[in-house]
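Survey of secondary and tertiary structure
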Amino acid sequence: MTIEYNTLEVEIDLSAIRHNYRILCEKGTKVYGVIKADAYGHGLIEVADALSKEGADTFAVGTVNEAVELRKSGRGERIIALLGLLNETDCFNAVKYNVIPFIGEFEQLEMLSSVVSAQGQKIEISLKFDTGMSRLGFSVDELDQLIDWLKANPQISPVLTSSHLATSDDPAYEDYVGAQADQFSHILKELESAGFELEASLANSAGILVHDKVRLMAQRAGIALYGANPLSGTKWNEIGGRLIPAMQVSTKIASVHTLKKGRSISYGCTYTAEKDMTVAIVCAGYADGYSRSLSNTGQVCINGKRAKIVGRVCMQLTAVDVTDIPDVSFGGRAYLLGGEGEGKISPDDLAGWWETITYEVFCLLGQNPKTFK
Ligand SMILES: *Cc1c(COP(=O)(O)O)cnc(C)c1O
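Just so we're clear, the structure is a prediction, and the values are computed from it rather than from any experiment. Each chain carries its own residue numbering, running from 1 in the direction its sequence is written. Given that this is a predicted model, residues contribute local features only at a pLDDT of at least 70 and side-chain atom pairs are listed and counted only at 80 or more, while totals for whole chains, interfaces and linings are drawn from all residues. Side-chain metrics rest on all non-hydrogen atoms present in the structure, leaving aside hydrogens and water.

Think of a nonpolar core as a cluster: buried Ala, Val, Leu, Ile, Met, Phe, Trp, Tyr and Cys residues, connected wherever their side-chain atoms sit within 4.5 Å. The buried label applies to any residue whose accessible area, calculated with a 1.4 Å probe on protein chains only, is under 20% of its type's maximum; exposed applies above 50%, and partly exposed to all values in between. Of all hydrophobic cores here, the largest spans 118 residues; its most connected members are Ile 35, Tyr 290 and Leu 350. Where each domain starts and ends comes from a domain assignment, either automatic or drawn from a database. Residue assignment places this core across two domains, with domain 1 (14–234) and domain 2 (247–372) each supplying three or more. Membership of the second largest hydrophobic core comes to eight residues, among which are Leu 259, Ala 273, Met 277 and Ile 281.

As a further point, take the site of the ligand. Around the ligand, 13 residues are found, and the nearest of them are Lys 36, Tyr 40, Ser 205, Ile 223 and Tyr 359. One nitrogen or oxygen atom from the main chain of Gly 222 is found 2.9 Å from an oxygen atom belonging to the ligand. In protein, a polar contact requires one atom able to donate a hydrogen and another able to accept it; more generally it is a pair of N or O atoms within 3.5 Å, and residues adjacent in sequence count only if both atoms are side-chain atoms. In the environment of the ligand, an oxygen atom lies 2.6 Å from a nitrogen or oxygen atom belonging to the side chain of Tyr 359. Computed on the free molecule, the ligand has an accessible area of 390 Å², of which 93% lies beneath the protein chains in the complex. Helix and strand assignments come from DSSP, with helices taken as H or I runs of at least 4 residues and strands as E runs of at least 2, each series counted from the N terminus. Mapped onto the shell around the ligand, the elements with two or more residues apiece are helix H2 (36–41) and strand E9 (218–221). Gly counts as polar in this scheme, as do all residues outside two lists: the nonpolar Ala, Val, Leu, Ile, Met, Phe, Trp, Tyr, Cys and Pro, and the charged Asp, Glu, Lys and Arg. Tallied by class, residues from the shell around the ligand come to six nonpolar, four polar and three charged. Throughout, near means a residue has at least one heavy atom within 4 Å of the molecule or strand. The method behind every accessible area is Shrake-Rupley, applied with a 1.4 Å probe, and residues are considered shielded solely by the protein chains displayed.

Here we take up the environment of Asp 57. In this fold, Asp 57 is placed in the loop between helix H3 (44–53) and strand E3 (58–61). Given the relative accessible area of 35%, Asp 57 is considered partly exposed. Measuring from C-alpha to C-alpha, the distance between Asp 57 and Gln 145 comes to 32 Å, with 88 residues separating the pair along the chain. Contact between two residues is taken to exist if any of their heavy atoms lie within 4.5 Å; hydrogens are not considered. Beyond its immediate chain neighbours, meaning those up to four positions away, Asp 57 contacts Lys 30, Glu 77 and Arg 78. Looking at Asp 57, its side chain comes within polar contact range of the side chain of Lys 30, at 2.7 Å.

If you check which residues of helix H5 (residues 88–96) are buried, you get Asp 90, Cys 91, Asn 93, Ala 94 and Val 95. Each element contacted by the buried residues of H5 is listed here: helix H4 (64–72), strand E5 (99–103), helix H6 (106–118) and strand E6 (123–129). Measuring from the side-chain oxygen of the N-cap residue of H5 to the backbone nitrogen of Thr 89 gives 3.2 Å; that N-cap residue is Asn 87. Of the residues trailing H5, Asn 98 is marked for its positive phi of about 55°.

UniProt positions are given in the numbering used here, feature names are shortened, and annotations may be inferred rather than shown by experiment. Residues annotated by UniProt as "domain: Alanine racemase C-terminal" (unreviewed entry) correspond here to residues 246–373. Here residues 246–373 is 12% helix and 34% strand, with 10 Å between the C-alpha atoms at its ends.

According to UniProt, the positions carrying the feature "modified residue: N6-(pyridoxal phosphate)lysine" (unreviewed entry) are Lys 36. Residue placement: Lys 36 occurs in helix H2. Using a relative accessible area of 32% as the deciding quantity, one classes Lys 36 as partly exposed. In this structure Lys 36 touches Ala 60, Val 61, Gly 62, Glu 66 and Leu 82, once residues within four positions along its chain are discounted.

Further remarks concern H3. For H3, the full list of buried residues reads Leu 44, Val 47, Ala 48, Ala 50 and Leu 51. Along the axis of H3, the buried residues cluster in a sector spanning 165°; they form a single face. For H3, the elements touching its buried residues are helix H1 (14–25), strand E2 (30–34), H2, E3 and H4. The first or second residue beyond H3 is Gly 55, which carries a positive phi of 95°. As used here, the arc is the angular range of directions from the helix axis to the C-beta atoms.

Along the chain, the position of Gly 341 falls in the loop between strand E17 (333–337) and helix H10 (347–354). Separated by 228 residues in the primary sequence, Gly 341 and Ser 113 place their C-alpha atoms 57 Å from one another.

Take the pattern of salt bridges next. For this analysis, a salt bridge means a side-chain nitrogen from Lys or Arg found within 4 Å of a carboxyl oxygen belonging to Asp or Glu. With the rule as written, the count across this model stands at 13 salt bridges. Between Arg 18 and Glu 54 there is a salt bridge, with the nearest N and O atoms lying 2.8 Å from each other. On the criterion of sequence distance, the pair formed by Arg 18 in helix H1 and Glu 54 in the loop between H3 and E3 is long-range, its members being 36 residues apart. According to the relative accessible area criterion, Arg 18 is partly exposed, its value standing at 26%. Of the charged contacts in the structure, one is a salt bridge between Arg 215 and Asp 212, with a shortest N-O distance of 2.7 Å. Taken together, the shared-partner salt bridges in this structure form one network comprising Asp 49, Lys 53, Arg 75 and Glu 77.

Following this line, the structure appears as structure tokens:
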């Protein structure tokens, strides 16, 4: 049994995700919804359902297990597993549940072919190429060998192909994006002349928004679906300006009290009051995925105003300064992300204090219980 100890409430606005998907489709090509890792913490099944209503016909998850879960929920769309096949069970499940695995290793091809042949089956796959990320995928040097292998093994049928961009969100690395795009287009030409006409995708969110050159037959949108602007803080900031964040995270206030001048607060006495203050203790801490790196740095939104974190973030509690905020009381609500009015906290604000990226903020906070609207 899993014991519920979380106090955070995560609200997901599915209409914001649908709005963001429509923006990403404006370029006129097919957009896969990347919903790996529980849709970046936003809820795998619910997000798939919302995107399906906007006409999405392809979903990309991480593991085959995630794909199976999505298929079992009744979804009939195409499902891609970006992490590919990690063992034989993945191979069986990919066949059984009609999942298209990303394949970037000959070991995966051999493992899959022995499972598929033993069952007298066929399977569709997506070829994955490394053009500069140096993470997963066949290299361009392996192309001839790969083509030979595929011709000799018609039970393994490639229908998609892809590569992943390393720097599409950074104006200083436009050349790197260009080089990846060139190498991928070379690979596509070679595949085509060998008789493989595949649906190719290269662009992630930032690629879709900024780089014309990387928009191919299909694109793979992740972070922008959830309303974080992958271009924020760059000269391209405005291009992602219409995206709407979909996640709001709040918790209850467990105590409001005075902190007298000269008194310290929380572990290690890292904060000492320079005047008489009022503090609120909110039910959020690193056990909820609310990082300890926010100690003495982060802010929350209470009654539409900003309250700064004072002292260290604890396991399930955090203290904030509410001296200048009226009407704060026991049982009230503090927003860690979102909120109302001028104090509203954006994903970029929170990721900045946290010294990370919005992706990580969503994934960690999204592990708390969610409600949907
Ligand atoms: C996560 C992921 C994406 C989506 O990237 P975003 O930057 O979130 O849009 C696309 N392709 C692959 C292979 C990924 O792993």
